[in-house]
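# Fold and geometry: a report
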Amino acid sequence: MENLIKKYALTPHPEGGYFREIYRSAQTLQSGRVPQKRNAVTHIYFLLVKGQISRFHRVIHDEIWNFYEGDPLQLIQFTTTGIGAKTLGPGGNGYAAVVPGNTWQAAATLGRYSLMGCTVAPGFDFADFSFLRDIPDELARFRAGQTGYDSFL
């Protein structure tokens, strides 16, 4: 995977894996979810290798995951109605998935690696990002559901 990390100039992501932002729209807009304007859209390359996870996190705005290459990826979503997982990539549930804004999400490759693209609209800002483990009420709700996904915290 070192070749992909070098080829795409990826760096470690706080949630796990590697990433590089490849697009940030110059256009800004008011999202209605935050008082500050956001870029209209952002897009990153995101790589998970065997043994890495994308820990449960959420962003305020909708995120679209696109599978590019490698092994299938398990994308997990935790909502008020429960937890569900889908597989993206070869033999999975398709090559793209939408995670609605404010939805807890986590991911892991099901093989050696998964190279993905992630688009957020309105655009991603770390001020709109949080980890599930840092929100006590949500963490308690997650643990009460006995999801079997504690390793993604």
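Shown above is the structure to which this text applies.
Presented here is an overview of the structure given in this document. (Residues numbered from 1 in each chain as written. Predicted model: local features only at pLDDT ≥ 70, side-chain atom pairs only at ≥ 80, totals over all residues. Heavy atoms only, no water.)

## A word on the sheet that holds strand β2 (residues 18-24)
In any sheet, the strands associate via hydrogen bonds between backbone groups, in a parallel or an antiparallel arrangement. Applicable threshold: When DSSP finds at least two bridges between two strands, those strands are taken to pair. Secondary structure is summarised from DSSP: a helix means a run of H or I of at least four residues, a strand means a run of E of at least two, and numbering begins at the N terminus for each.
Strand order in the open sheet formed by six strands is β1-β2-β5-β12-β7-β10, and the pairing between neighbours is antiparallel. The two strands at the open ends of the sheet, each matched to only one other strand, are β1 (11-12) and β10 (96-99).

## Digging into helix α2 (residues 136-144)
Cut-off, in case you're wondering: The rule is simple: take the accessible area with a 1.4 Å probe, protein chains only, and divide by the maximum for that residue type; under 20% is buried, over 50% is exposed, in between is partly exposed. Our arc is simply the arc of the directions from the helix axis toward the C-beta atoms. Contact definition: two residues touch when any of their heavy atoms are within 4.5 Å.
Considered for burial, the residues of α2 that qualify are Glu138, Leu139 and Phe142. In an axial view of α2, the angular spread of the buried residues amounts to 100°, which keeps them on one side of the axis. Opposite its buried face, α2 presents the exposed residues Pro136, Asp137 and Ala144, each directed more than 90 degrees away. Here the buried face of α2 lies against β6 (53-59), β8 (73-79), β9 (82-88) and β11 (104-109).

## Things to note about the environment of serine 130
Relative to the helices and strands, serine 130 resides in strand β13 (residues 129-131). The exposure class assigned to serine 130 is buried, which follows from its relative accessible area of 19%. A C-alpha to C-alpha distance of 9.6 Å links serine 130 and glutamate 15, two positions 115 residues apart in sequence. Contacts of serine 130, omitting those with residues within four sequence positions, involve His57, Arg58, Trp104 and Ile135.

## Quick word on the nonpolar core
Rules: Among buried residues, those of type Ala, Val, Leu, Ile, Met, Phe, Trp, Tyr and Cys that are joined through side-chain atoms within 4.5 Å constitute a nonpolar core.
Core analysis: the biggest nonpolar cluster contains 14 residues, and Phe46, Trp65, Leu73, Leu75, Leu88, Ala107 and Met116 have the highest contact counts within it. Among the elements of the structure, β5 (42-49), β7 (62-70), β8, β10 and β12 (113-121) are those that each provide at least two residues to this core. Considering every element that reaches this core, the biggest residue donor is β5, with three residues. Beyond its immediate chain neighbours, meaning those up to four positions away, methionine 116 contacts Ile44, Tyr45, Phe46, Trp65, Asn66, Phe67, Tyr68, Leu73 and Leu88. Phe56, Trp104, Ala106 and Leu139 belong to the second largest nonpolar core, which has 12 residues in total.

## Structural notes on the packing of aromatic side chains
Note on aromatic pairs: each is described by the distance of the centres and the angle between the planes. Definition in use: For this analysis, a ring pair means two rings from Phe, Tyr or Trp (six-membered ring only for Trp) whose centres lie within 6.5 Å, classed as stacked if their planes differ by under 30 degrees, edge-to-face if by over 60, and tilted for the remaining angles.
With the rule as written, the count across this model stands at 12 aromatic pairs. Centroid distance phenylalanine 56 to phenylalanine 152: 6.3 Å. Interplanar angle 70°. Geometry classified as edge-to-face. On the criterion of sequence distance, the pair formed by phenylalanine 56 in strand β6 and phenylalanine 152 in the segment after α2 is long-range, its members being 96 residues apart. A relative accessible area of 1% places phenylalanine 56 in the buried class.

## Topic: the sheet that holds β9
The condition is simple: The axes are straight lines fitted to the C-alpha atoms, using for helices just the contacting stretch, and the angles between their N-to-C directions are given from 0 to 180°.
With antiparallel pairing, five strands are arranged side by side in an open sheet as β9-β8-β11-β6-β13. Of all the strands in the sheet, the pair left with one neighbour each is β9 and β13. Across this sheet, the average inter-strand angle for adjacent strands is 30°, counted without regard to direction. Sheet analysis places β8 next to β9, joined by seven bridges and oriented antiparallel.

## Regarding unusual backbone geometry
Cis geometry marks the peptide bond from alanine 121 to proline 122; its omega dihedral reads -15°. As for its placement among the helices and strands, proline 122 is situated in the loop between β12 and β13. Unlike most non-glycine residues, alanine 9 shows phi in positive territory, near 55°. Within the secondary structure layout, alanine 9 lies in the loop between α1 (2-7) and β1. According to the relative accessible area criterion, alanine 9 is partly exposed, its value standing at 44%.

Any link to function would need more than the numbers given here.
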